[in-house]
Amino acid sequence: MRRAYIDSIGMYVPPKIVTNKDLEAMMDTSDEWIRERSGIHERHHVDGECTTDLALKAAEEALEKAGMTAEDIDHIIFSTMASDYFAPGGGPMMTRRLGIPGTPAVDIRMACSGFLYGLSIAKAFIESGAYDNILLITSEVQSVALDFSTAGRDTAVLFGDGAAAVVLKPTDEQRGIQSIVTHSDGRYAEDLMLRSPSTLDNPFQSHEILDKGHGKVTMNGRSVFKHAITKFPQVIKEALEAAGVEKSEVKLVVPHQANLRITEAVANRLDLELHKVVYSNIHKYGNTTSASIPIAMYEALAEGRINRGDIVVVASFGAGFTWGASVIQW
Ligand code: COA
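Residues numbered from 1 in each chain as written. Predicted model: local features only at pLDDT ≥ 70, side-chain atom pairs only at ≥ 80, totals over all residues. Heavy atoms only, no water.

### Let's talk about the environment of Phe-159
Then, number 1: With respect to the helices, strands and loops of the structure, Phe-159 is situated in the loop between helix H6 (153–156) and strand E7 (162–171).
Then, number 2: Apart from residues no more than four positions distant in its own chain, Phe-159 is found in contact with Arg-43, His-45, Gln-142, Leu-146, Asn-287 and Thr-289. (Helix = DSSP H or I, 4+ residues; strand = E, 2+ residues; numbered from the N terminus. Contact = heavy atoms within 4.5 Å.)

Now the structure itself:
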């Protein structure tokens, strides 16, 4: 059977580091509050770079590690919540940045589940034989749409900017993506959103809309938390069942890095030992939306926590709501 596997990963975060102490100077918050509630110590923010700047660096590293050039890519899948332009999307822009005009590219806006949804599209493309070499890029610049006043503190402290890219290829071996399960539920759209520009308004952008704060990310943290800690374990169980894999066979779980308290609650509910089986690097990057899983996988690989043959589970939950999980044999 033809399967899709991840051949290489690249990542890039902008060099500017914003610590919790730095945030204390902008709003009424404290390093202690942020660490206790989220596990985050610092995050990276852009300082003039745009979404495709980060994406390009991550993509170049992934291509180099795969021993490929951009010309070898048959299809780009681009995941972001903040393209360089509101329209067109970042996928076509990446053909320009990579110097491969004419290459098909699709944009996905699935928030923190963008990597999972991107994997599911790549899996379908590769297993069907439609394409061989897929470049899945996740690149997120959230800092430009956060409210760094005290009014926005519950949300602004959580997010960071960053990008990752993976090259997916076909294989006839047993390795690769064994299962993917994805879900969405629009009933909770307003619990985590960036309201404008919106077709609910005509014209869809104005000073009045910006004055209302509709150009910034808003969140109902408690609702997100409550749903995340139930949906994560459920979907991981579904993905394991779909792959016919037992929990005891899993070498590493790489969840979307939303919040260390969410990750801890998920580990508890799945009866997994957090420090042995569940990967976390949120202290360094905060929540980098769809880039967080591949950034975490990149670091887990570099640390020797993922090796050839290992069963790895990746899982996400985020705005939409959207959630998903995949079982991958490395
Ligand atoms: N610094 C200091 N105090 C803050 C703060 C900050 N950055 N943000 C909120 N507070 C305050 C609140 O105003 C509130 O004050 P009050 O009691 O005087 O009203 C107090 O802290 C407690 O707020 P509460 O909302 O009850 O905190 P919480 O324990 O629910 O934690 C979150 C807030 C956002 C950390 C938590 O809800 C969460 O992690 N949610 C999920 C968020 C997430 O992961 N989103 C991305 C998903 S992809």
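### Points about the sheet that holds strand E5 (residues 105–108)
Then, number 1: One open sheet accounts for five strands, arranged E1-E7-E6-E4-E5; its pairing is mixed. In this open sheet, the two edge strands, each paired with only one partner strand, are strand E1 (3–12) and E5. Between one strand axis and the next, the sheet turns by 20° as a mean value, whatever way the strands run.
Then, number 2: Bridge count for strand E4 (residues 75–79) against strand E6 (residues 134–140) is five bridges, and the pairing is parallel. Within E6, the residue paired with Ile-76 across the bridge is Leu-135.
Then, number 3: Each of E1, E6 and E7 is contacted by helix H12 (residues 292–302), which is oriented at about 90° to E1, the strand it contacts most. (Pairing = 2+ DSSP bridges. Axes fitted to C-alpha atoms, helices over the stretch in contact; angles between N-to-C directions.)

### Let's talk about the sheet that holds strand E11 (residues 252–255)
Then, number 1: Taken together, four strands build an open sheet; the order of strands is E8-E13-E12-E11 and the sheet is mixed. In this open sheet, the two edge strands, each paired with only one partner strand, are strand E8 (176–184) and E11. Strand-to-strand, the axes of this sheet are offset by a mean angle of 10°, without reference to chain direction.
Then, number 2: Relative to strand E13 (residues 322–329), E8 runs antiparallel, the two being bridged by eight bridges. Note on E13: the bridge partner recorded for Val-181 is Ala-325.
Then, number 3: Running over the sheet, H12 touches E11, strand E12 (311–318) and E13 and is turned about 145° from E11.

### Points about the packing of aromatic side chains
Then, number 1: What the rule picks out here adds up to six aromatic pairs.
Then, number 2: On the basis of an interplanar angle of 35° and a centroid distance of 6.2 Å, the ring pair of Phe-317 and Trp-323 is categorised as tilted.
Then, number 3: The buried category is assigned to Phe-317, whose relative accessible area is 3%.
Then, number 4: Taken together, the ring pairs in this structure connect Tyr-188, Phe-232, Phe-317, Phe-321 and Trp-323 into an aromatic cluster. (Phe/Tyr/Trp six-rings, centres within 6.5 Å; stacked < 30°, edge-to-face > 60°. Buried < 20%, exposed > 50% of the residue type's maximum accessible area, 1.4 Å probe, protein only.)

### Looking at the side chain of Asn-259
Then, number 1: Turning to its location among the elements, Asn-259 is positioned in the loop between E11 and helix H9 (260–269).
Then, number 2: Leaving out residues up to four positions away in the same chain, Asn-259 has contacts with Arg-37, Ser-38 and Ile-282.

### A closer look at the domain arrangement of the protein chain
Then, number 1: Domain boundaries assigned for the protein chain yield domain 1 (3–173) and domain 2 (177–329).
Then, number 2: Summarising the inter-unit geometry, the C-alpha centres of domain 1 and domain 2 are found 14 Å apart.
Then, number 3: Listed by partner, the interface residues are 52 residues for domain 1 and 47 residues for domain 2.
Then, number 4: Across the domain 1/domain 2 interface, buried area totals approximately 4,000 Å², and carbon plus sulfur atoms make up 65% of it. (Domains from an automatic or database assignment. Buried area = accessible area lost by both parts, 1.4 Å probe.)

### Let's talk about the side chain of Ser-196
Then, number 1: For Ser-196, the location among the structural elements is in the loop between strand E9 (192–194) and helix H7 (207–211).
Then, number 2: You can call Ser-196 buried: its relative accessible area is 5%.
Then, number 3: Apart from the residues within four sequence positions on either side, Ser-196 is in contact with Asp-201, Gln-205, Ile-209, His-214 and Gly-215.

### Brief notes about empty space enclosed by the protein
Then, number 1: Under the defined criterion, the tally for this structure stands at two cavities of 30 Å³ or more.
Then, number 2: Estimated volume of the largest cavity: approximately 40 Å³.
Then, number 3: Looking at the largest cavity, the residues that line it are Ile-236, Val-253, Pro-255, Thr-263, Val-266, Ala-267, Leu-270, Leu-272 and Val-278.
Then, number 4: Going through the elements one at a time, E11 and H9 are the ones with two or more residues in the lining of the largest cavity.
Then, number 5: Sorting elements by how many residues they give to the lining of the largest cavity places H9 first, with three residues.
Then, number 6: Taken together, Ile-236, Leu-240, Lys-247, Val-250, Val-253, Leu-270 and Leu-272 make up the full set of residues lining the second largest cavity.
Then, number 7: Counted by class, the lining of the second largest cavity contains six nonpolar, no polar and one charged residues. (1 Å grid on protein atoms, 1.4 Å probe; cavity = no way out; pocket = protein on both sides within 12 Å on 5 of 7 lines; lining within 4 Å. Points joined across faces, edges and corners; volume = space filled by probe spheres on them. Nonpolar A, V, L, I, M, F, W, Y, C, P; charged D, E, K, R; others polar.)

### Notes on the nonpolar core
Then, number 1: In this structure, Ile-236 and Val-253 are the most contacted members of the largest nonpolar core, which totals 47 residues.
Then, number 2: Looking at this core, the elements that each hand over two or more residues are strand E10 (217–219), helix H8 (221–243), H9, helix H10 (274–277), E12 and E13.
Then, number 3: Top contributing element to this core by residue count: H8, with eight residues.
Then, number 4: Structurally, this core is a two-domain feature, drawing no fewer than three residues from each of domain 1 (3–173) and domain 2 (177–329). (Core = buried A, V, L, I, M, F, W, Y, C linked by side-chain atoms within 4.5 Å.)

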